[in-house]
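# Structural features, examined
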Amino acid sequence: MKSYITTPIYYVNGSPHIGHAYTSIVADIMKRNRRALGYDMMLSTGVDEHGQKNQEAAAALGMEAIAYLDMRCKEFREVFDLFDVDYDYFVRTSRDAHKAAVASMEQTIFDKDLIVKKEYTGKYCKGCEEFKRDSDLTEDGDCGLHPTMKIEESKEINYFLKMEPFREKLLQHIEDHPDFVQPNAFRNELKKMLAEPLEDLCISRPKSRVTLGVELPFDPDFVTYVWFDALANYLTTINWPEGDYSAWWAECEHLIGKDILKPHGVYWPIMLMAAGLPLPKKLSVHSHWTGEGGIKMSKSIGNVVDPNEVMDLMGVDALRWYLARHMRAESDSQISVELIRQTYNSELGNKIGNLLSRVAKFSNKNFDGKVPVAGALTGEDEALRKLVLEAAAGFGEWIDMPDIPARIQAIVAAADAMNEYIDQQAPWSLFKNEDTRERCATVLYVTLDCQRVLFEALRQVIPGSAEKALAMLNAPAPASPWKAELDKLPGGNPLGEIDSLFPRVNAPEA
Ligand code: MSP
């Protein structure tokens, strides 16, 4: 069983931002989930190094393109490592084998007479790196996605891919494969994009304007349109055309933000059809993060959430937790450093981490540094164990991108139930009396073993903290493939060193 998950490859005209963090972290969670289920996994992420935007960013710093790209590539890689994103392949579109493969795809399509050369006059958005129709623009003539970038009038000779011959076939594919684009709101949006005849897609840029790109194999005066080049990464990463790519390709799922649905849902499938290649299995689309109050994040408003700042203040798992837990499936969600801080303190700190340190410290002190040995279980014990097992079992099943928040919510509900259980059972009082000491041991065992199950599941979401928690419990290595199981923490086993898992973070002084 194989699964190949891709993230978009990110423009390197600035530092990594929250959108980059989100897609890559979610991809990592899905990889960890599928690996736990026994799948052979491939996860690719990386950078999109060509095009006018990157070229201008290098020029603005007075740097040679190659030096600039190397610098940014290093920065992105380092940040993804800090995010604990366990990628198998880091894409760079400047790689020679990638460039050669892009050119060969273009030549194949050109040889089928599906590419034409013509003059085009139109409006160009540098943010999208594409020509716009008037109907794509706002009333003020701006691009809705990039209102601060000026739309430029452009009259150019370029090469165009014929799109219309493939439109009906693509619509049919979407009909025949209801899972091809998910969630449904985005599937409907894509169907709308395909409801009208498609204009030819401009797939080149003259070298007089853009030099940072893959030269067209049939005309050296042009480079390839950055999106054509970037989309092909999903195949070149798995060694298309020479290598043994087909088994991975058959199981490919692209994770994307809603702003790049058109390139992935229209351009890419049509490029593949034109080249005679099969389509990917699935496009999973997410909405966007906005600042507090639903306002678009922007530097001028000052509400941009910098992932590095969050990690410095609270650690990577505060960031992973918030991103994984609070994205809604079909509408934008809000984020701010303060929202992340509150969630971190209340959920990770108060509900999950504190309970572990309280119970583990108490066992450590009163049971000779060991996991207490359980006696007979009561109905309350069994009820808690059932609830925890069911919550953790959600991570022993396949998780699609929009399922992630609800699966985590089930874990939070289980943590709430554990806190309630401990308050009611009050092991600290039970311990005081010789007669109830065995009951005390049972309550502690039930809690510690339930914690173990939850943290085994949470390895998929907050791997660093979950491993730390399992080390505190000195839990045996979980089986692989994994499934949630009770009673795997041996009673009488020594506990590990107990530390605070999620130390409280106070609001910065105003
Ligand atoms: N280079 C192209 C992708 C090529 S893939 C073959 C690109 N890069 S990007 O750096 O501009 O953006 C990449 C991703 O970041 C997109 O999935 C986009 O949706 C995501 N995000 C950018 N801002 C975002 C938010 N505010 N919230 C969530 N994700 C958003 O497009």
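Residues numbered from 1 in each chain as written. Predicted model: local features only at pLDDT ≥ 70, side-chain atom pairs only at ≥ 80, totals over all residues. Heavy atoms only, no water.

### Some words on the overall build of the protein chain
The helix and strand inventory of the protein chain stands at 18 helices and 15 strands. Relative to the compact-globule value of 24 Å for 510 residues, the protein chain shows a C-alpha radius of gyration of 26 Å, a close match. Expressed along its principal axes, the backbone C-alpha trace of the protein chain runs to roughly 90 × 50 × 40 Å. Classification of the 510 residues of the protein chain by burial places 55% in the buried group. At a minimum sequence separation of 6, the contacts of the protein chain that also span at least 24 residues come to 77%. Accessible area for the protein chain stands at about 21,500 Å²; split by element, carbon and sulfur atoms hold 50% of it. (Helix = DSSP H or I, 4+ residues; strand = E, 2+ residues; numbered from the N terminus. Rg over C-alpha atoms; globule rule 2.2 N^0.38 Å. Buried < 20%, exposed > 50% of the residue type's maximum accessible area, 1.4 Å probe, protein only. Contact = heavy atoms within 4.5 Å. Areas by Shrake-Rupley, 256 points an atom, 1.4 Å probe, with all protein chains shown as cover.)

### Details of the domain arrangement of the protein chain
Assigned domains within the protein chain: domain 1 (2–286) and domain 2 (308–473). Here the C-alpha centre of domain 2 lies 40 Å away from the C-alpha centre of domain 1. For the pair domain 1 and domain 2, the summed buried surface comes to about 2,400 Å²; carbon and sulfur atoms form 68% of the total. On the domain 1 side of the contact with domain 2, Y22, I29 and N33 bury the most area, a combined 23% of that side's loss. Put simply, domain 1 and domain 2 have four salt bridges between them. When the shortest N-O distance is used, the salt bridge between D400 and R34 registers 3.9 Å. At the junction of domain 1 and domain 2, the tally comes to nine residue pairs in polar contact (both at pLDDT 80 or more). Contributions of two or more residues to the side of domain 1 that touches domain 2 are made by α1 (18–36), α3 (65–82), α6 (184–193) and β13 (282–286). It is α1 that contributes the most residues to the side of domain 1 that touches domain 2, 12 residues altogether. (Domains from an automatic or database assignment. Buried area = accessible area lost by both parts, 1.4 Å probe. Salt bridge = Lys/Arg side-chain N within 4 Å of Asp/Glu carboxyl O. Polar contact = N/O pair within 3.5 Å; in protein donor to acceptor, adjacent residues only side chain to side chain.)

### Overview of the pairing of strand β4 (residues 115–125)
Direction of pairing for β4 relative to strand β6 (residues 152–161): antiparallel, over a ladder of 10 bridges. Paired with T121 across the two strands is K155, which belongs to β6. With three bridges connecting them, β4 and strand β5 (residues 130–132) associate as antiparallel partners. For K123, the partnering residue across the bridge sits in β5 and is K132. If you look at the hairpin formed by β4 and β5, you'll find four residues sitting between the two strands, and E129 has a positive phi there, around 55°. (Pairing = 2+ DSSP bridges.)

### Describing the site of the ligand
Near the ligand, the surroundings consist of 20 residues, among which I9, H20, D48, D259 and W289 are the closest. Within the side chain of D259, an N or O atom sits 2.5 Å from an oxygen atom of the ligand. In the model, an oxygen atom of the ligand is placed 3.4 Å from a nitrogen or oxygen of the H288 side chain. Expressed as a share of its isolated accessible area of 670 Å², the protein-covered part of the ligand is 90%. Put simply, the parts of the chain that give the shell around the ligand at least two residues each are β1 (2–11), α1 and α7 (226–231). In terms of residue count, the dominant contributor to the shell around the ligand is β1 (four residues). The residue makeup of the shell around the ligand, split by class, is 10 nonpolar, eight polar and two charged. (Near = heavy atom within 4 Å. Nonpolar A, V, L, I, M, F, W, Y, C, P; charged D, E, K, R; others polar.)

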